[in-house]
Amino acid sequence: MAVYFLCDVMDRIAEIMNDGILFADIGELPDDDDSPACLLFSASDPNNELFGVDYEPIDSTSENAPCTVETNKACFAFTFEELSTILLALDNALEYFKECLANKEGLYNRDTLDSIKASSVSCRNLQAKVSKILNTLK
């Protein structure tokens, strides 16, 4: 039986869902002399159901193989309720950042304001991503 690194599987599923696809065909290609077993992912193109979308396969691994989680890969799943809470927290953080950036009382120096601005951009991107996921699941 083939073993797969779950962070790789979750990352592929997240990629598919971020494309606006909620249903996919997942198959397994057995190992042979030249390559390990792998999971295959395909789905109907959400913009044109006559065409399919094939995603990069995931190779099987050994349970003893070193597995590292890359910072840009999905590695954890959230419930719908948890995603709603995250979205609310992002909304509140962005409102707070807006107040800080106004700097009406002159509390923040230029470095702090630049840091808040950079965090604000990251939060807005995450807010849009979480909002898109929640809207897809409604």
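Residues numbered from 1 in each chain as written. Predicted model: local features only at pLDDT ≥ 70, side-chain atom pairs only at ≥ 80, totals over all residues. Heavy atoms only, no water.

(A) Geometry of the pairing of strand 2 (residues 38-45). As defined by bridge partners, strand 1 (residues 25-29) adjoins strand 2 across 5 bridges and the pair is classed as antiparallel. Its bridge partner being in strand 2, Ile 26 is matched across the sheet by Phe 41. (Pairing = 2+ DSSP bridges. Helix = DSSP H or I, 4+ residues; strand = E, 2+ residues; numbered from the N terminus.)

(B) How the structure looks around unusual backbone geometry. The residue Asn 103 is not glycine, and still its phi comes out positive at about 45°. Inspection of the secondary structure puts Asn 103 in the loop between helix 2 (80-102) and helix 3 (110-137).

(C) Up close: the side chain of Asp 11. Here Asp 11 lies in helix 1 (residues 6-18). Of the side chains with opposite charge, Lys 73 comes closest to the buried, unpaired Asp 11, at an N-O distance of 4.3 Å. Non-local contacts of Asp 11, meaning those with residues more than four positions away in its chain, are made with Asn 72, Lys 73 and Ala 74. (Buried < 20%, exposed > 50% of the residue type's maximum accessible area, 1.4 Å probe, protein only. Lys, Arg positive; Asp, Glu negative; His and termini not counted. Salt bridge = Lys/Arg side-chain N within 4 Å of Asp/Glu carboxyl O. Contact = heavy atoms within 4.5 Å.)

(D) Examining the sheet that holds strand 1 more closely. Overall, antiparallel pairing links the 3 strands, which are arranged 1-2-3 in an open sheet. Lying at the two open borders of the sheet, with one neighbouring strand each, are strand 1 and strand 3 (48-59). Ignoring which end each strand starts from, the neighbouring axes of this sheet average 25° apart. Lying on the sheet, helix 1 is in contact with strand 2 and strand 3; it crosses strand 3 at an angle near 160°. (Axes fitted to C-alpha atoms, helices over the stretch in contact; angles between N-to-C directions.)

(E) Inspection of the packing of aromatic side chains at higher detail. Applying the stated criterion across every chain, the model contains 1 aromatic pair. Ring centres of Phe 76 and Phe 78 lie 5.4 Å apart, and the angle between their planes is 65°; this geometry places the pair in the edge-to-face category. According to the relative accessible area criterion, Phe 76 is exposed, its value standing at 59%. The partly exposed category is assigned to Phe 78, whose relative accessible area is 44%. (Phe/Tyr/Trp six-rings, centres within 6.5 Å; stacked < 30°, edge-to-face > 60°.)

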